[in-house]
Amino acid sequence: MGVIIMSKQRDEILKIINNSKEHLTAEEIFLLCKQGGIEISIATIYRNLGILVKNGAVKKLSIIGEPDRYDKNLTMHEHFVCSRCKKVIDIHIDDLKEILTKKTGIDIDSYDLCMHYVCPECKNKEGNYE
């Protein structure tokens, strides 16, 4: 990661991401900025998120059919995505990269893995107790 020259707006966006327990979308970041009295356009949010991703300050998480989300956790890890509410949680499977390399014979540089499930909260709402 190179040196990141922070603008005031970019610094605010990064603070919002780093202070969140969620994997926020650009729209959610925009709304949090507005709630915090930060004057910023959605285009500026997207432009600064692109810079933060490019510079390695945050990771972009792309989920098919959903808006991109932004992750403060820069270590290699996996995600569970609830098929109903779309909540994303971090998980870590020990040695997954090594296991995949051994099984496939391919030297893996990196990966993005999202596994889909129904979270306990959604199961409870639906009356499906497992």
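Residue positions are counted from 1 within each chain, in the order its sequence is given. Totals for whole chains, interfaces and linings use every residue, but because this is a predicted model, local features are given only for residues with pLDDT of at least 70 and side-chain atom pairs only at 80 or more, for both listing and counting. By convention in this description, side-chain values take in all heavy atoms of the structure and omit both hydrogens and water.

S.K.: Please set out the packing of aromatic side chains residue by residue, giving values where relevant.
M.R.: Classification of ring pairs rests on two measures: the distance between centres of Phe, Tyr or Trp rings, Trp counted by its six-membered ring, which must be within 6.5 Å, and the angle between planes, read as stacked under 30 degrees, edge-to-face over 60 and tilted in between. This structure, assessed with the given rule, holds one aromatic pair. Ring centres of Phe-80 and Tyr-117 lie 5.2 Å apart, and the angle between their planes is 45 degrees; this geometry places the pair in the tilted category. On the criterion of sequence distance, the pair formed by Phe-80 in strand S4 (residues 78–82) and Tyr-117 in strand S6 (residues 114–117) is long-range, its members being 37 residues apart. Whether a residue is buried, partly exposed or exposed follows from its accessible area with a 1.4 Å probe, protein chains only, as a fraction of its type maximum: under 20%, in between, or over 50%, in that order. For Phe-80, a relative accessible area of 27% corresponds to the partly exposed category. Per the convention used, a helix needs a DSSP run of H or I reaching at least four residues, while a strand needs a run of E reaching at least two, with both numbered from the N terminus.

S.K.: Lay out the sheet that holds S4 with the relevant residues and their values.
M.R.: Strands sit in the order S5-S4-S6 across an open sheet of three strands; the sheet is mixed. The open sheet has two free edges, formed respectively by strand S5 (88–91) and S6, since each of these has just one partner strand. Within this sheet the neighbouring strands show an average axis-to-axis angle of 30 degrees, counted without direction. Strand pairing is assigned whenever DSSP detects at least two bridges linking the two strands. Relative to S5, S4 runs antiparallel, the two being bridged by four bridges. Axes here mean lines fitted to C-alpha atoms, for a helix over just the part in contact, with angles spanning 0 to 180 degrees between N-to-C directions.

S.K.: An account of helix H2 (residues 26–35) is needed here, citing residue identities and associated values.
M.R.: Along H2, the positions that sit buried rather than exposed are Ala-26, Ile-29, Phe-30 and Cys-33. Down the axis of H2, the sector holding all buried residues measures 105 degrees, keeping them to one side. In what follows, a contact means two residues having at least one pair of non-hydrogen atoms within 4.5 Å. Packed against the buried residues of H2 are helix H1 (8–19), strand S1 (24–25), helix H3 (42–54) and strand S3 (69–71). One or two steps after H2, the chain reaches Gly-37, where phi turns positive at roughly 80 degrees. Regarding the arc, it is the one traced by the directions from the helix axis to the C-beta atoms.

S.K.: Could you give an account of the nonpolar core, naming the residues involved and the relevant values?
M.R.: Nine residue types can take part in a nonpolar core, namely buried Ala, Val, Leu, Ile, Met, Phe, Trp, Tyr and Cys, and a core is a set of them joined through side-chain atoms within 4.5 Å. In this structure, Ile-13, Ile-17, Ile-29, Cys-33, Ile-45 and Leu-49 are the most contacted members of the largest nonpolar core, which totals 17 residues. Leave out the neighbours within four places in its chain, and Ile-17 touches Leu-24, Ile-29, Leu-49, Val-58, Tyr-70 and Lys-72.

S.K.: Describe the pattern of salt bridges, listing the residues and the values that go with them.
M.R.: Here, a salt bridge means any Lys or Arg side-chain nitrogen found within 4 Å of an Asp or Glu carboxyl oxygen. Counted according to the given criterion, the structure contains seven salt bridges. As a salt-bridge pair, Glu-66 and Lys-86 come within 3.9 Å of each other at their nearest N and O atoms. With Glu-66 in the loop between strand S2 (59–61) and S3 and Lys-86 in the loop between S4 and S5, this residue pair connects regions lying 20 residues apart in the sequence. Its relative accessible area of 28% is what places Lys-86 among the partly exposed residues. Put simply, Lys-87 and Glu-121 hold a salt bridge, and the shortest N to O gap is 3.4 Å. Within this pair, whereas Lys-87 is found in the loop between S4 and S5, its partner Glu-121 is found in helix H5 (residues 120–126), the two being separated by 34 residues in sequence. A relative accessible area of 43% means that Glu-121 is categorised as partly exposed. Taken together, the salt bridges that share partners define one network made up of Asp-11, Glu-12 and Lys-15.

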